Each structure stands twice: as C-alpha cells, then as structure tokens.
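# Architecture and fold: a report
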Amino acid sequence: MANTKLEQMSDSVAKDPSMMTGAIPKKDWMDTPAIFKPGNYCYPAKQDMVEYLDKNLGSKGLFGEPRQWDVESDDWKLPENWKDIIIQGIKDRLDKFRSFKIFMDCCVRCGACADKCHFFLGTGDPKNMPVLRAELLRSIYRNEFTKAGKILGRLAGAREMTFGVLKEWFMYFYQCTECRRCSLFCPYGIDTAEITMMAREILHLVGVGTNWILEPASNSNRTGNHLGLQPHTFKENAEYLIDDIEEVTGLRLESLNFNRKGAEVLFVIPSADVFAEPGIYTFMGYLLLFDHIGLDYTISTYASEGGNFGSFTNNELMKKLNGKMYAEAKRLGVKWILGGECGHMWRVLHQYMDTMNGPADFLEVPKSPITGTVFENAASTKMVHISEFTADLIKHGKLKIDKSRNDHRVLTFHDSCNPARGMGLIDEPREIIEAVCNNFHEMPENTIREQTFCCGSGTGLNTGEIMDLRMRGGLPRANAVKHVHDKHGVNMLSCVCAIDRATLLALMEYWNPGVEVCGVSELVGNALIMDGEKERDSGLRFEPLAGMEG
Amino acid sequence: MKVLQALGIVLALMLVAYVGAALPGGRTLFGVVLPYLAFAIFIIFFIAKVMDWAKSPVPFRIPTTGGQANSLPWIKQNKLDCPSTTLGVIGRMLLEVFLFRSLFRNTQAEVHEGPKLAYGSSKFLWLFGILFHYSFLTVALRHLRLFTDPIPAFVHALEFGDGFMQVGAPVLYQTDLVFMAAVTFLLLRRLVLPNIRYISLVADYFPLFLLLGIGTTGILMRYVLRVDVVSIKMLTHGLVTFNPFIAESVTGIFFVHLFLITVLLAYFPFSKLMHAGGVFLSPTRNMANNSRMVRHINPWNDPSIKPHSYAGYEDDFREFMVEAGLPVDKELPPKEEAPAAEGDAPAES
C-alpha cells in the first residue's frame, strides 16, 4: 500500500503547488535537476539478471555492464565511455526507426499532449507532460545530430549530454507507461511510447535498468513465465483452480491439459492468471468456457507467459521472449493460437509478433471450430484474442447464459491502453459484458475507448517501491471509476489485462474502496450454464450470488 | 526571457534589412542574391530532410488506433480513425492534414478539490491553428499575382473572394486580418498558458515573430504606405524569370518584408516547421491497422535472435515434468537403481 495517507494525497494532488494547480516553476526545465529519493524510483536491476540476459542475447552488451549500483548515489558506476555509448545508441536507433527520427524532428510544442498524460495529471510535474518527456531526449538529439542545434545550442533547444540528463531519463522514462494516450491527440501522431522505448533501450546500453523488469524477463526466458514458476508448479496451480471450479459448479472439468501435441488450439495467457487474484478467476472463466464449447485446446508450460517483459527493455529481448509462442505452436502442431486477456501481450502480438517471428506459415487461418467463423483479421498472424473468440460464440448463440448470475455486480469496463490504442479492440469486450451482465455503466467518454486512461502502472512500473507514484499515475482512471461508483453504485471494474487486474486492485483499494476488479472472462464463467452443474449459489470467487446472501 | 530573445532576433533582422538595403550593393544583396540563396536552401534541404525520413526503415507497423478495429463482421469498424485499408489510411491522412483531426479531439483537464479531475472540450488551438494555416495559404497564393504574367484566373478569383466585403480602398483582404489574429493568438497562448509557456523554446517564439513581422510589413505596404506595386512586380516577376530588376521606387520596408521571408525559407528545413513534411510520414498515422492480416516486413529483422529452445527448457526441467505427468519429448534415461529419493532432483531456483 502507498505510504501517503489518502487524505494527504488527495490534498496534495488538488492543492500543492504543481503545474496542474497553476503553479509555475521558477527555473527553466533544463536547469531543474532530477533528484532521486526513496519512493520515486524503481530498484536497479540485479547484477545476475543483467548477466543472464546479456548471455542469452549473444553477449552484445544490450543490457550494459553487470554491476551493483545505487540510484541515489552520484556514482552509477557507468562505463568510462558512457556518453559515447549513448550517442551511438541514439544514432543506431535513428537509422533503424523512422518513427524515432520523425518524432525527434516534428514536434512544434503546441502542448496538445500536455494534460493528456495520467502521470502529469496525477503529479503536476512538468516533465511528465509528454512534450517535455520527449524534449529530455530531443534536446540531446538536437545537440548531436541537427545543424540548428549544433550552431544555435540552447536557442534551438539543444543541450549537452550529462549525468544530470541521464538521471532525468531514468526518472521520467520510467514514469511513462507507453500508453499512447498523448499520441492520439498529437497532430503529427508523435507517440511517446516510441520515444520511451528508444530511451529505455539506450539506458539499458549503459546498464541502467530496473529489477522489476529484468527479473521477470529473465524468468520468462528460462521458465516460460515471469514469476519463474517451474512446469510442475504451473500445472499444479492451474489444477487447484479446477478444484475451486468443482466447488462452485459441482463439475470436475477434465478438459484442462498441458503441452499436448495435436491439439487444435494453443492457448496462451498472461501467467498471472494462473496464480494471482483476481486473475485466477479469469482463468477459471477461460476453462469453463472451453469446456462448455468442447474446444480442443492445450496450454503450454514452456510458452506460459503472454505478457512480454522484454518489450519494456529492447526490441531484441521482446523478440526473443515472444518467439516461444510460434516455436511452441509449431512443436505441438496446433492449427492456430488463442490469446488470453492481457494488454502489453496484445500490443506485441498484434503489432510486432508476425513481423519479428513470422511468417507463421505452419499454422492455419484461425477458424472457430464451434461457429465456423474465419478470423480474417488474424489471417497472417494466426492469433485470436479471447474477446474476439467469445464475442463470436455469443453472436452465434453457442453459449447457454444466465445473466442473473452477475446481478450482484454493477459493472464498468476499463479499456486497457494497448488493446484500445494499439489494436482497436474496443467493442468486443463490451458485447460480451452486455451479453453476460445486466448492470453495466460506462465511465465518462473522455476516459474510455481510445481515450482511456492507463492503470498507472504499465510497462513494468507495477512494483511496490513506487506505490505513491502509481497511485498518482492511476488517479485519472480511479477518478472516472469513482464517478460511476458514486452515480450508479458500480462495484466491479472489469478489464482485459493482467497488469490491470494486479494494479487496479491496489488502485481501487486506495482511491475507491468497495470496487473490485475482474477480467471479462470471469463474468462469462459466472454466467455459463454448464451441462450437469449443480445450482450455483456463489460466483467463481465464492462470493454469494444476488439473492443467495446470508 | 525566451520570448524577448526571439523578438530581439526578429527586430534585429528587420534592422539589418532596412539598413543593409540602403548600403551600396545592398539592394541587390537583399533583393536578389539572398532570396535566390534562401529559395535554393529551402528546396534542397526540405527535399533532403524528407528523403532522409523516407529512406529510414519502418520496422514495425504501429498505427495509433483511434477507434474500433476491423474485427468481426457485425462489429462496426471506425474506418477513419482505425483504418485497415489503404483507402481508409488516405481518408485518415486527409482528415489529419486538411482538418487537423487529432487536434480537434483536444480537451483541457482541470483538477478540483476531492480530488476531482474534469475534462472540458478545448477547440481554440484547433480553430486558430486551422485559421492560421489556411489564411497563410491564401495569402501566399494571392502573392502569385506578383510572380505570374498573365495572372492565373484562380488568383483573381481568390482575391475577389478574399475581399468580398469590399471594405476600404484598396479592398481589405479578410485573410490579412485572420492571419494576424491567428498568429497573435498562437503567440499569446504561448505567453499566457503557464504550461505552454514552460515548454516553449526560443525556436517556438521565433517563427511566430517572423510571421508577425512579415504580416505587419505586408499590411503596412498595402494599406498604409501604398507602395509602388508595379515596380515590386518588376522585381518579383523578374526573380522567377531570372531577369530581376530593382526600380528606384522600391523602398526599405519592402526589403524588410522580403528579407523576413528569405529568413523564413532558409530557416524552414532546419526547424520544427518541417512538421509540414513530417505529418505525411508519421508511422502512427499513415499505416493501416492490419498488422495481424498482412505481415509487415522489418528490413533489419535479426534472424539470429531465437527463443530459449523447448529442448533446453525440457532439459532443465525434465524430471519435474515427468513426475508431474507432463508430456516430454525425450524420456528420462533409464535408471539402474530403484526410483530415487527426493534429493535426487537437480537443485533449481
């Protein structure tokens, strides 16, 4: 839980002098240093994590020199030529990414993005305005790579690379969750997510990275999932949930299986759904659904992590971790891949996977064996989102549903950043919710669909040591939930993202006690009328159904 | 401070032109040599910049999806904000380039006690942005009368339309007023809004003052000083026909006007003004959201990056997997002794 008390935080957000409350800093931003103190930074990556990842990516130094270092110290034990590494790192990326080049050149500082960032809205820190976040890097770009910057210097917004700048980068590129909300409003489509990705790649080159990202990434590489669950433990955990399903429904599902060759569909989930509340209820929902329709599927313990922690570091590690999915689909001989509810996972699957690790010519164009629907929108990547799959089943009347089993819930839906702005998956989950629930209320329009607000803890920021910051970053989302909580009595915040399920929980506990968090598939699982089940008196989390209390 | 620096630079430029043109040879320098030079710089470096962008690879297909994607047949796609076809992308780009679609979405956030966040519609930036760009375009096109002979019909039509209110003599062009008002708004906005002021660089104020200078001198020449247009046209038309001639009646203020334009042209390719070219190439806007439908090729994709192999994974965990009843590709080696005790498993963390 956050260190700061709710009342104090509430006052601070609304009244403390900040750019959100109308206070103007006296000093120019270039003259305002980043100061690290406990609570405002993520812990640095452990030496052995850096060693492991470096070794596994061909010892190219992508993660810098493995070492122990202290963020608050003025000696980060950087290599002697760290500035050269950074400048070369920028150059390499300018040559590889048109996006980076254009986004460095085109900003006119119109400020349309300024108040679109959840971190700015929650902290009022000017460097959390997307435009300034980008300027932190752009100023160095100008100094090194543009004529105007070289000749005019500060007049053209250029400045030299210094240790102070490096500190700024580490602070503010880890206060960006790559949610792309600013990009939606930018007249040139400048996407801070791209800039943050570049900045983090570059920071890693000099060994500046966080443990909360590199350790899960290492785990994902070796064990297949970010928590490092070994195959037997992963299976065991999933099977506990079969026990729970039996307790709720009276049915022992026999369909859950692992690493089975010849299955039609490989199902990949964010691994948190197997072991962490409330993701486990989402997982129970998946299993009930597959059993209900008799899907021929398997889950892999090797490719048991959909969420890609590599995408928070560099494109090389993103590719390496993602590569398991196609590799496993090929080994098992499945026809296509189905993906669970996960945000960053789907950004990678939708916009990167086929390019990085395709072509998936050993798979077939996904076709629902139940409805016969061919998922033409996934014709090349051959991977379908569970919400697309479920919405199709519902449309064709293939599910027996008792909506009243979700009557104890008054719902709203949180669009996760990546499905919304990196994929366009917006109405599918809503169709499902409308079909399985009676009480659904949308949050205000500026806070949903493509304008949705981040949970405040994406891209590897959902670590405990920056809880106050996360509560601030999540404030815009929490505030919109509070609106429907007060107005309609909303008590359940649904979403299609595993990071959301972890982080919104903390966010709701802090800002909106009384609002719980669930995946959409949990609601489906609650509502499904299974053949031969007993009369249910509780939901998947053993909570009493409406009319069954007491 | 930054704003004064920018203002100072523009005033200095004006003075340089005014004084410079009066010096021996100055009229040719400011009237002929520098304009030619600036025009060449503009063309060469503008094209070079765009070519540089265009030849950089686009490794991934990363459109920012601004609405519902192409999905199941009965789910209504937002074809303009989340296009999946080239036609849709063209539509999205046309809206972006001609109507500033993304800016039209703009909102303004406020924090109130509670805390309570509120988001209001905020269309002023869009409105004045669009007024500025279109009035600037009209003014520029109207100036074609100075570079063409005979004057094309559309320039006449534009002049007529622009002065349709028939106020004053010479007739007042509405775009002159709109242009000055819009640029002034954009400048005031930078000065008044604290967050915009904080992010503004000298390089943001400078083009605004440059435009104000150009507009002011132009308006003075047309409406107040009534300069000799015939001799000016002799020079401007002469410039495009490579036969420039500067008549005695061309005065200092014209050289100030022309020099500011000269500076604008030469400055353009090295500045943020290149957004004019960049907007067309922005990968978050000009790509179709069909990433799962059509494979996008990354020219520098590194095939040597392979996932940690399944075989390696199984080697690591085979005993546990067998014990847990998970299928394995390679069975455990047959053991000579009886099934081992627990301590036999390799220690794994």
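Refer to the structure above for everything that follows.
The notes below deal with the structure included here. If you're wondering where the values come from, they're calculated on a predicted model, not measured in any experiment. Residues take numbers from 1 onward in each chain, read along the sequence in its written order. Labels follow written order: the first chain is A, the first ligand is 1, and so on. In keeping with the model being predicted, local features are shown solely for residues with a pLDDT of at least 70 and side-chain atom pairs are shown and tallied solely at 80 or more, while totals for entire chains, interfaces and linings include all residues. For side-chain calculations, the full set of non-hydrogen atoms in the structure is used, while hydrogens and water are omitted.

### What to know about helix H11 (residues 211–223) of chain A
Labels follow the DSSP assignment, with helices taken as runs of H or I lasting at least four residues and strands as runs of E lasting at least two, numbered in each case from the N terminus. Any helix carries an expected span of 1.5 Å times its number of residues minus one. The first and last C-alpha atoms of H11 of chain A sit 17 Å apart over 13 residues, in line with the 18 Å expected at 1.5 Å per residue. Exposure categories follow from relative accessible area, calculated using a 1.4 Å probe and restricted to protein chains: below 20% of the type maximum is buried, above 50% is exposed, and the middle band is partly exposed. Counted residue by residue, H11 of chain A has 10 buried out of 13 residues, so it is predominantly covered. By the burial criterion, the buried members of H11 of chain A are Asn-211, Ile-213, Leu-214, Pro-216, Ala-217, Ser-218, Ser-220, Asn-221, Arg-222 and Thr-223 of chain A. Only heavy atoms enter the contact rule, under which two residues are in contact if any of them lie within 4.5 Å. In this fold, the buried residues of H11 of chain A make contact with helix H2 (47–56), helix H10 (192–205) and helix H15 (315–332) of chain A together with helix H13 (310–323) of chain B. Just downstream of H11 of chain A lies Gly-224 of chain A, where phi reads positive at about 100°.

### Brief notes about a nonpolar patch on the surface
Residue and element names in this part refer to chain B. Residues enter patches when their relative accessible area tops 30% and they take part in no salt bridge; the joining distance is 9 Å for like charges and 5 Å for the nonpolar side chains Val, Leu, Ile, Met, Phe, Trp and Tyr. Working definition of accessibility: Shrake-Rupley area with a 1.4 Å probe, residue cover restricted to the visible protein chains. A carboxyl oxygen of Asp or Glu within 4 Å of a side-chain nitrogen of Lys or Arg is what we treat as a salt bridge. Taken together, the side chains of Leu-87, Ile-90, Leu-94, Phe-98, Leu-99, Tyr-134 and Leu-137 make up a nonpolar region of the molecular surface, amounting to roughly 690 Å² of accessible area. Secondary structure elements with two or more residues in the nonpolar patch: helix H3 (86–99) and helix H5 (124–142). With five residues, H3 is the single largest residue contributor to the nonpolar patch. Along the chain, the position of Leu-94 falls in helix H3. Since its relative accessible area comes to 45%, Leu-94 is described here as partly exposed.

### A short note on the packing of aromatic side chains
The geometry of an aromatic ring pair is captured by two quantities: the separation of the ring centres and the angle between the planes. A pair of aromatic rings is counted whenever rings of Phe, Tyr or Trp (Trp by its six-membered ring) have centres within 6.5 Å, and the orientation is called stacked for planes under 30 degrees apart, edge-to-face for over 60 and tilted otherwise. By the definition in use, this model includes 46 aromatic pairs over all chains. Both rings, one in Phe-42 of chain B and one in Phe-46 of chain B, keep their centres 5.6 Å apart while their planes meet at 50°; by these two values the pair is tilted. Note that Phe-42 of chain B and Phe-46 of chain B are positioned in helix H2 (residues 26–55) at a spacing of four residues, about one turn of the helix. We classify Phe-42 of chain B as buried; its relative accessible area is 18%. Classification of Phe-46 of chain B as partly exposed rests on a relative accessible area of 22%. Of the aromatic side chains, those joined through ring pairs into one cluster are Phe-36, Tyr-41, Tyr-43, Trp-69, Trp-76, Phe-163, Phe-170 and Tyr-174 of chain A. A ring has a charge above it when a Lys NZ or an Arg CZ is no more than 6 Å from the ring centre and no more than 35 degrees off the ring normal. Stacked on the ring of Trp-300 of chain B, the Lys or Arg Lys-96 of chain A has its end atom at 4.2 Å from the ring centre. Between Arg-181 of chain A and the ring centre of Phe-453 of chain A, over which it is positioned, the NZ or CZ distance is 3.8 Å.

### Concerning the sheet that holds strand E1 (residues 265–268) of chain A
Hydrogen bonding along the main chain pairs the strands of a sheet, whether they run parallel or antiparallel. Residue and element names in this part refer to chain A. By this definition, two strands are paired if DSSP reports at least two bridges between them. The four strands lie next to each other as E2-E1-E3-E4, forming an open sheet whose pairing is parallel. This sheet does not close on itself; its edge strands, each paired only once, are strand E2 (297–299) and strand E4 (383–385). Here the average twist between neighbouring strands, direction ignored, is 30°. Alignment of strand E3 (residues 336–339) against E4, held across three bridges, turns out to be parallel. Directly across from Leu-338, in E4, lies its bridge partner Val-384. On the sheet, helix H16 (residues 343–357) packs against E1, E3 and E4 and is oriented at approximately 145° with respect to E4. Only C-alpha atoms enter the line fits that serve as axes; for helices the fit covers just the stretch in contact. Angles between N-to-C directions range over 0 to 180 degrees.

### Quick word on the environment of Phe-103 of chain A
Its location among the elements puts Phe-103 of chain A in helix H4 (residues 98–105). Taking the C-alpha atoms as reference, Phe-103 of chain A lies 5.4 Å from Ile-190 of chain A; in sequence the two are 87 residues apart. Contacts of Phe-103 of chain A, omitting those with residues within four sequence positions, involve Arg-138, Tyr-188, Gly-189, Ile-190, Asp-191, Glu-194 and Ile-195 of chain A together with Ser-282, Pro-283 and Thr-284 of chain B.

### Brief notes about the pairing of strand E2 (residues 116–121) of chain B
Residues and elements named next belong to chain B. Where strand E1 (residues 107–112) and E2 come together, six bridges link them in antiparallel fashion. What sits directly across from His-112, in E2, is Lys-116. Once E1 ends, the chain turns through three residues before running back antiparallel as E2, passing Gly-114 with a positive phi of about 140°.

### Comments concerning the interface of chain B and chain A
Contact with chain B, which involves 100 residues of that partner, is made by 126 residues of chain A. Two parts placed together each lose some accessible area under a 1.4 Å probe, and adding up what both lose gives the buried area. Here chain B meets chain A over a buried area of about 9400 Å², counting both sides, of which 59% is carbon and sulfur. Where chain B meets chain A, there are 11 salt bridges. We note a salt bridge from Asp-329 of chain B to Lys-261 of chain A, for which the minimum N-O separation is 2.8 Å. Two N or O atoms count as a polar contact when they lie within 3.5 Å, although within protein this holds only if one can serve as hydrogen donor and the other as acceptor, and sequence-adjacent residues are included solely when both atoms are side-chain atoms. Joining chain B to chain A, the criterion identifies 69 residue pairs in polar contact (both at pLDDT 80 or more). The nonpolar class holds Ala, Val, Leu, Ile, Met, Phe, Trp, Tyr, Cys and Pro. Asp, Glu, Lys and Arg form the charged class, and all remaining residues, Gly among them, are polar. Here the residues of the side of chain B that touches chain A sort into 49 nonpolar, 29 polar and 22 charged.

### Topic: the sheet that holds strand E6 (residues 492–495) of chain A
Residues and elements named next belong to chain A. Ordered by their spatial adjacency, three strands build an open sheet running E5-E6-E7, and the pairing between neighbours is parallel. Strands with a single pairing partner mark the edges of an open sheet, and in this sheet they are strand E5 (411–414) and strand E7 (516–519). For this sheet the average axis-to-axis angle between neighbouring strands, irrespective of direction, equals 30°. Pairing of E6 with E7, which is carried by four bridges, proceeds in the parallel orientation.

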